Amino acid sequence: MPQFNVIGTSPPRLDGREKVLGQAPFIADVPIPGCWVGGVVASPVPHGRIRAIVRDPAFDWSRVVFVDAASLPCRNFVHMVRDDFPILAEEKVTFVTQAVALVAGPDRATVDEALRHVTVDIEPLPAVFSVDEALKGEVVVWGEDNVIDEYRIDRGDVKKAFAEADLVVEGDYATGLHEQLYLENQGMAAIPRDDGSLEIVGSMQCPYYVQGALEQALGLAPERLRVKPCVTGGGFGGKEDYPSVLALWTAVLALKSGRPVRILYERGQDLQSTPKRHPSTTRIRTAVRRDGTITGLEIELRFNGGAFTTLSRVVQQRGMLHCQGAYRIANVAIHSLTVATNMVPSGAYRGFGAPQGLFAIERHMDRIARELALDPLDVRLKNIVDEGDTFPCGQKLKGVFARQVLERAAELSGYRKKRALYAQGSEGPLRRGIGLSVAFHGGGFTGSGEATMGTVVRIDYDGAFSLHVSSTDMGQGALTVLPMIAAEALGLRPDEIAAPRPDTAVCPNSGPTVASRTTMYVGRVVTEACKALIDELRTFLAYQEGISPRAIAFTKGALHCRSRSWTVAQAARARCDAQGPFSVEGRLPQEAAACFNLDRFEGEAYRSYAWIAQAVEVAVNVDTYEVKPLEATIVAEIGRAIHPVLVEGQIAGGFLQALGWSHIEDLTVTPEGRFSADQLNAYLIPTTLDTPQWHIDVMEEPCDVGAYGAKGLGELPMNGAAPAALSAVENATGVFGTEIPLTGEKLFRLIEAQGGTER
Amino acid sequence: MEKTIRFHLNEKPLEVSCPVHWTLLELIRDRLGLTGTKGGCREGECGTCTVIVDGRNVNSCMMLAVDVAGRSVTTVEGLERNGELHPLQKAFIAKGAIQCGFCTPGMLMSAKALLDANPRPSRSEIRKALSGNLCRCTGYEKIFEAIESVGAGEIFDVDDGVWQAIEQVQKPRD
Ligand code: FES
Ligand code: FES
């Protein structure tokens, strides 16, 4: 076990003080002199042809600026995976809330008044909201057939496996919309500068995505587009793509008015118009031996993408590469589709497709157990993936700890004893149940994404060290953890390295803050920059001392030659005094990135996987159909816990979001195409009264890619809590839920259909 | 229509006028420029706008500004004393009770109102007292721990880079 000075300690987060003082600048808090307010003319219908945008002459339009597609001063698209998402609708609208025009004025009241004086005359068209309807092809929302993307993986001989099976187990599973519900609503401002450049400030995960979208649509050079995230009040994926849309809206209004313009979403607007987790349906067929061994697996995984591509393609890829579960299955056929509907485009949410696929396969494991009268844990252990096994994309696995986390979670939670005990039922309205799941998450971008990203970080020294990345701290602690990594590598204290919030005029592109990649990959690149810094100092000292650089060693946090030694701080100071401030960069070595063939869906999908098992214990009230979480035992193998307290925070926070999704976070599309919630009281998330007792156990088996062995963590705890909770409900009541959220109403119906819970 | 009111804000007397339909949140943020208090929903559901009025935590988005006339209001800006963080602020940092920080000011105010009334609350009393304050990031556990640590008299020094209690002060029990 290597000895660390900084890694594995939990220093106070660097932004803690400003946050407890209420001084952390969120976008709504930042004073912007002379700032106008922006507003959106949103489509009231889910599908229709725009006949006219009518501005009532009763309003004095000289008080505001107004922009529609025809008067846009730029190309009309928001650059994402495809460039199909228009800044403003042109001829057609394809979802409710789609922006048709923009208004900016000196204050909220004026803008609201202007918005009341705009009518969009739309000829309504029939709309579709579900994948099944959309696939009929009667209503075309996108492309020719509404199919946004389609992929297949075929491995082994599935036909033969089914022909020889003792038993074929089939099931259908569904997951619902899931709102990120960052507590800070989306917000963005664009500030025009005298030299014709634009400054964008706001709440976001990915400053360079925003800059790229502006660059492509406005045709301005990147140097003239300065993007500076404010403190970001939670993201969870929800501030990955949408900030690019808001940035373009405010930019267009700022260019048109010549003034700064800010758009701050209210909660209802945020709920109604921003991307959610893709609803999914999954059909699974398995060929099974009587002892529970799965010999063949067929999966059809479908995502409801909403009206445009946004990030769907990549969500779907990740879903596909996780949907077989943490199992060793030789013969596999996976087919996945993302289908367009007249719903607000779906987007990124922690887990990014993986939680949907894992929900289905984990429930299916429980179903196999049920049909064979085996324990779900035994069926899992029978098929669990081990070191050297192969995933369906042909990846031979290293660093596999699925069995270890699962066995440990079962042991720590007392799963076997409790599962047997609770299955016997009990008197009174409260029924206890326990369920478990095993899951994993690939760290970093899917496939070759990290190889092509070109992640760069920079360390500056001008009397003090500063570390520059484009990774944002949206609460996960990136700007505490990354300097810790540098401090460890340089033998410094973490507080000797400043890590300012990103600013594209200053920071290099270390990539978007997504995909559980920041600690693992950006952290790795930080260590590379530290190596470059040491080399730089070594060269300087050698020159000064008149010796060969090879005569200077870096050990135990200091540089030594035969006669002298320098701490990194001393050496940097000497270099700066002699030659002025200096900088070094770090880049990702090619061998640290995965190599994957996306056309054939073959190769190394991710360089490393983190593993998690979760045992959830609940009490179901069979009078009120309320499900109360009692205990959660979570065992996670994450490579290296750089900052154990932040690790626990990620695990508990992610788990609770997943638990909310499993039973209370209920969002649907109304027949008019709107989301069912306009306010928080119609979309409930877990409160302080809804948390279990936690038992969090972290295992560290360093991988050879991430910083000090760290694997991706952020999304991992989102994977697997939902199926474990439904398995617990099954244990408590006997009913087998296949669809989340398993709301009280749905649970009531299942229990009724079963004829009650008396056993 | 504007109305002039007098009240105490963070222990200082204040006279201010504002439109009669304004909420306390609007007065605090938009007129007084104290942006530590947040507006996550402006409909009484999230608790990010929590302030203390005469010792009780309230959602400032649900209270009319003119209704604080003659009363005493504390916002998150009023927690720090002469550059010294309030024990709750220190404990929130030390225990990892903060992630994005958007819920933090409101959480701190609800926690303060609780501890002022009940210096050693039980876990279930903490849960109840904070049930109007949502946090999407932390899973709440570290927030509970932070409040419990203050209840137990632990004092943290968060400036020395060390994440531990430096002093265990036994609070007098009354
Ligand atoms: S802003 Fe007042 S409760 Fe949400
Ligand atoms: S820390 Fe982000 S909402 Fe609580």
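Note that the structure is predicted; figures quoted are calculated from it, not measured. (Residues numbered from 1 in each chain as written. Chains lettered and ligands numbered in written order. Predicted model: local features only at pLDDT ≥ 70, side-chain atom pairs only at ≥ 80, totals over all residues. Heavy atoms only, no water.)

### A word on the overall build of chain A
Within chain A one finds 19 helices and 29 strands. Taking 2.2 N^0.38 as the reference for a compact globule, 759 residues should give roughly 27 Å; the C-alpha atoms of chain A span a radius of gyration of 27 Å, in line with that estimate. Principal axes of the C-alpha set define a box for chain A whose edges measure 80 × 80 × 50 Å. Looking at chain A as a whole, 65% of its 759 residues are labelled buried. Put simply, 80% of the contacts in chain A that link residues at least 6 apart link residues at least 24 apart. When the accessible surface of chain A is summed, it comes to about 26300 Å², and 49% of that surface belongs to carbon and sulfur atoms. In chain A, 75 positive and 92 negative side-chain charges are present, and the distance between their average locations comes to 4 Å. (Helix = DSSP H or I, 4+ residues; strand = E, 2+ residues; numbered from the N terminus. Rg over C-alpha atoms; globule rule 2.2 N^0.38 Å. Buried < 20%, exposed > 50% of the residue type's maximum accessible area, 1.4 Å probe, protein only. Contact = heavy atoms within 4.5 Å. Areas by Shrake-Rupley, 256 points an atom, 1.4 Å probe, with all protein chains shown as cover. Lys, Arg positive; Asp, Glu negative; His and termini not counted. Charge placed at Lys NZ, Arg CZ, Asp CG, Glu CD.)

### Let's talk about the state of the cysteines
One way to say it: the disulfide is the covalent bond shared by the sulfur atoms of two cysteines. As enumerated under the stated definition, the model contains 0 disulfides over all chains in all. No disulfide involves Cys206(A); its nearest neighbouring cysteine sulfur is the one of Cys507(A), lying 12 Å away. (Disulfide = S-S within 2.5 Å.)

### Observations concerning the layout of surface pockets
Unoccupied space between atoms shows up once a probe the size of one water molecule is rolled over them. Empty space within the largest pocket amounts to approximately 980 Å³. Put simply, the parts of the chain that give the lining of the largest pocket at least two residues each are strand 1 (36–42), helix 2 (108–116) and strand 12 (261–264) of chain A together with helix 1 (24–31) of chain B. Partitioned by chemical class, the residues of the lining of the largest pocket number 15 nonpolar, 5 polar and 11 charged. In this structure, the second largest pocket encloses a volume near 790 Å³. (1 Å grid on protein atoms, 1.4 Å probe; cavity = no way out; pocket = protein on both sides within 12 Å on 5 of 7 lines; lining within 4 Å. Points joined across faces, edges and corners; volume = space filled by probe spheres on them. Nonpolar A, V, L, I, M, F, W, Y, C, P; charged D, E, K, R; others polar.)

### Considerations on the packing of helix 14 (residues 478–490) of chain A against helix 15 (residues 518–545) of chain A
All names here are of chain A. Running from amino to carboxyl end, helix 14 crosses helix 15 at an angle of 35°, the nearest separation of the two axes being 9 Å. Helix 15 is crossed by helix 14, and the crossing has right-handed handedness. Residues Ala478, Val481, Leu482, Ile485, Ala486, Ala489 and Leu490 of helix 14 lie in contact with helix 15, whose contacting residues are Thr518, Thr519, Val522, Gly523, Val526, Thr527, Cys530, Leu533 and Ile534. (Axes fitted to C-alpha atoms, helices over the stretch in contact; angles between N-to-C directions. Left-handed = near helix turned anticlockwise from the far one by under 90°.)

### Here we look at the nonpolar core
Leu214(A), Trp249(A), Trp611(A) and Phe92(B) are the most contacted members of the largest nonpolar core, which totals 209 residues. No other element matches helix 6 (residues 242–257) of chain A, which puts 10 residues into this core. Listed in part, the 52 residues of the second largest apolar core include Tyr461(A), Leu467(A), Ile485(A) and Val526(A). (Core = buried A, V, L, I, M, F, W, Y, C linked by side-chain atoms within 4.5 Å.)

### Things to note about the domain arrangement of chain B
Residue and element names in this part refer to chain B. Each assigned domain of chain B is listed here: domain 1 (2–78) and domain 2 (87–167). The gap between the C-alpha centroids of domain 1 and domain 2 is 22 Å. Facing 16 residues of domain 1, the contacting portion of domain 2 comprises 14 residues. Counting the contacts that link domain 1 with domain 2 gives 0 salt bridges. Here domain 1 and domain 2 share 5 residue pairs in polar contact (both at pLDDT 80 or more) between them. When residues of the side of domain 1 that touches domain 2 are assigned to their parent elements, the largest contribution, 3 residues, is made by strand 3 (residues 50–53). (Domains from an automatic or database assignment. Salt bridge = Lys/Arg side-chain N within 4 Å of Asp/Glu carboxyl O. Polar contact = N/O pair within 3.5 Å; in protein donor to acceptor, adjacent residues only side chain to side chain.)

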